[in-house]
Amino acid sequence: MEGHEEERLCGKWRLACGLHTYNWRDVFTWRLLKTILMGQVLSLLICGTAVSCKCLMDSGVKTPMLQSFFNYLLLLLVYTTILCTRKGDRNILKILKTKWWKYLVMALADVEANYVVVKAYQFTTLTSIQLLDCFVIPVLMVLSWFFLKTRYRLVHFVAVGMCLLGVGAMVGADILAGREKGSTSDVVLGDGLVLLSAAFYAVSNVCQEYTVKNLSRIEFLGMMGLFGTLLSGIQLAILETHAVAAIKWDFHISMLFVLYGLCMYALYSFMPVVVKMTSATAVNLSLLTADLFSLFCGLFLFHYTFSALYIISFVVITVGFVMFNAVPIYSALPESGSGGDDPAEVLADLPAESSSDRLLSAGRAAPRTETPAAEAEAVLRPETEDGL
């Protein structure tokens, strides 16, 4: 009897921690594979922005606000225009009357996050930025816990720890390879700017997750385009007028701006789809591999020195990302009204409940107040009313 009781308690502990025993077939589902692949597509887009930004800086162009302005302008021309063609409560005028200040705050956090992190390169080193930029993940988890009512298991914290360990290996490889570049004119100020940028990104990502899961991806991107263009345009006029006037435009510079703008536009358009399938925290974990993709590009473009630690880092981050997504997250968000999403978003949510969700349902007989991730998806999934 004692042995049976211990086995029962141990089983409850494993279930509560998310460490339930799975078969490989139950863990590595098509949905998990699709999540991994989509996350790496986002990392490749981040890599594209990093490489183009690096080339622009090498060409003497230092206009981070101008680069962001082109991205927000593209969002404005596409998604804000779609909002303007809507009728009824989903029209842009109705949205502005009721929620304009919320989207203003969201866009402000996003615009300043993009600007501040680039500004930090003038004061601190690449190594400090890579390490401190990971601060976005714990801040995001805390914000998600309080505002999105997300409930993590022990395995999720272990997975995050593994991903951060992978980042540490990557930074160590950078130091050994002599890639610790950047100014050290005011390290404290630079590190503070990186932490501030991480906090801004966390706020923006939490707002994004709530909006795309409860309202509409089109609404989020349309309002981000509207207010992002307005705010970045004002900041551009105040801070970078002389820097823009000093640019010596040619085909090479123009193509770099085009590459940066298109990569950022694709990133902003595609990221809400992945966030809706998983969570903002999972997406940020997948983006940790972006620096590695940038390094691989740098091996050919900038003649960086290769180290086996980079491969180890990539493997550790990938394993941590798989662990994080293999066990469902629980949410206590109430049911809310939905706006119109495009068919691609709805199709992304159509796959049936994963095997890991079904295995965890074995413990549902025990009383609890959490809602399984699969049920939360059904609650949060908006009905299709319109599409691109």
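Residues numbered from 1 in each chain as written. Predicted model: local features only at pLDDT ≥ 70, side-chain atom pairs only at ≥ 80, totals over all residues. Heavy atoms only, no water.

Participant: Requested: an account of the environment of Phe324, with residues and values cited.
Facilitator: For Phe324, the location among the structural elements is in helix α15 (residues 308-326). Phe324 sits 169 residues away from Val155 along the chain, and the two C-alpha atoms are 6.9 Å apart. In this structure, Phe324 is in contact with Tyr152, His156, Ala159, Val160, Ser279, Thr281, Ala282, Leu285 and Ile329, ignoring residues within four places of it in sequence. (Helix = DSSP H or I, 4+ residues; strand = E, 2+ residues; numbered from the N terminus. Contact = heavy atoms within 4.5 Å.)

Participant: Could you give an account of a nonpolar patch on the surface, naming the residues involved and the relevant values?
Facilitator: On the surface, Val142, Trp145, Phe146 and Phe147 cluster together to form a nonpolar patch covering roughly 440 Å² of accessible area. By the element assignment, Phe146 lies in helix α7 (residues 136-147). (Patch = residues over 30% accessible without salt bridge, like charges linked within 9 Å, V, L, I, M, F, W, Y side chains within 5 Å. Areas by Shrake-Rupley, 256 points an atom, 1.4 Å probe, with all protein chains shown as cover. Salt bridge = Lys/Arg side-chain N within 4 Å of Asp/Glu carboxyl O.)

Participant: Could you give an account of α7, naming the residues involved and the relevant values?
Facilitator: The terminal C-alpha atoms of α7 lie 16 Å apart, and with 12 residues this matches the ideal 16 Å at 1.5 Å per residue to within 8%. Directly beyond the C-terminal end of α7, a positive phi value near 60° is found at Lys149. (Expected span 1.5 Å × (residues − 1).)

Participant: Please set out unusual backbone geometry residue by residue, giving values where relevant.
Facilitator: Positive phi values are uncommon outside glycine, yet Lys149 reaches one of about 60°. Examined against the element boundaries, Lys149 turns out to sit in the loop between α7 and β1 (150-151). According to the relative accessible area criterion, Lys149 is partly exposed, its value standing at 34%. (Buried < 20%, exposed > 50% of the residue type's maximum accessible area, 1.4 Å probe, protein only.)

Participant: How would you explain the side chain of Ser279 if you had to name every residue and give the values?
Facilitator: Structurally, Ser279 is set in the loop between α12 (251-277) and α13 (280-286). The class of Ser279 is buried, set by a relative accessible area of 6%. Ignoring any residue separated from it by four or fewer positions in sequence, one finds Ser279 in contact with Glu209, Lys213, Val274, Phe324 and Ile329.

Participant: Could you give an account of the packing of aromatic side chains, naming the residues involved and the relevant values?
Facilitator: Overall, the coordinates contain seven aromatic pairs when judged by the stated rule. With a centroid separation of 5.9 Å and 90° between ring planes, the pair formed by Phe70 and Phe257 is classed as edge-to-face. Linking Phe70 in helix α4 (residues 64-85) with Phe257 in helix α12, this pair joins segments that are 187 residues apart in sequence. On the basis of relative accessible area, Phe70 is assigned to the partly exposed category, the value being 29%. Taking relative accessible area as the criterion, Phe257 reaches 5% and is therefore assigned buried. Taking the centre distance of 6.2 Å and the plane angle of 50° together, the rings of Tyr152 and Phe324 count as tilted. Taken together, the residues Tyr152 in the loop between β1 and α8 (154-176) and Phe324 in helix α15 connect sequence positions 172 residues apart. Here Tyr152 matches Phe324 in class, with each residue buried. By way of ring pairs, the aromatic residues Phe69, Phe70, Trp249 and Phe257 are connected into one cluster. In this arrangement the basic side chain of Arg151 is found over the ring face of Trp145, its NZ or CZ atom lying 4.2 Å from the centre. (Phe/Tyr/Trp six-rings, centres within 6.5 Å; stacked < 30°, edge-to-face > 60°. Lys NZ or Arg CZ within 6 Å of the ring centre and 35° of its normal.)

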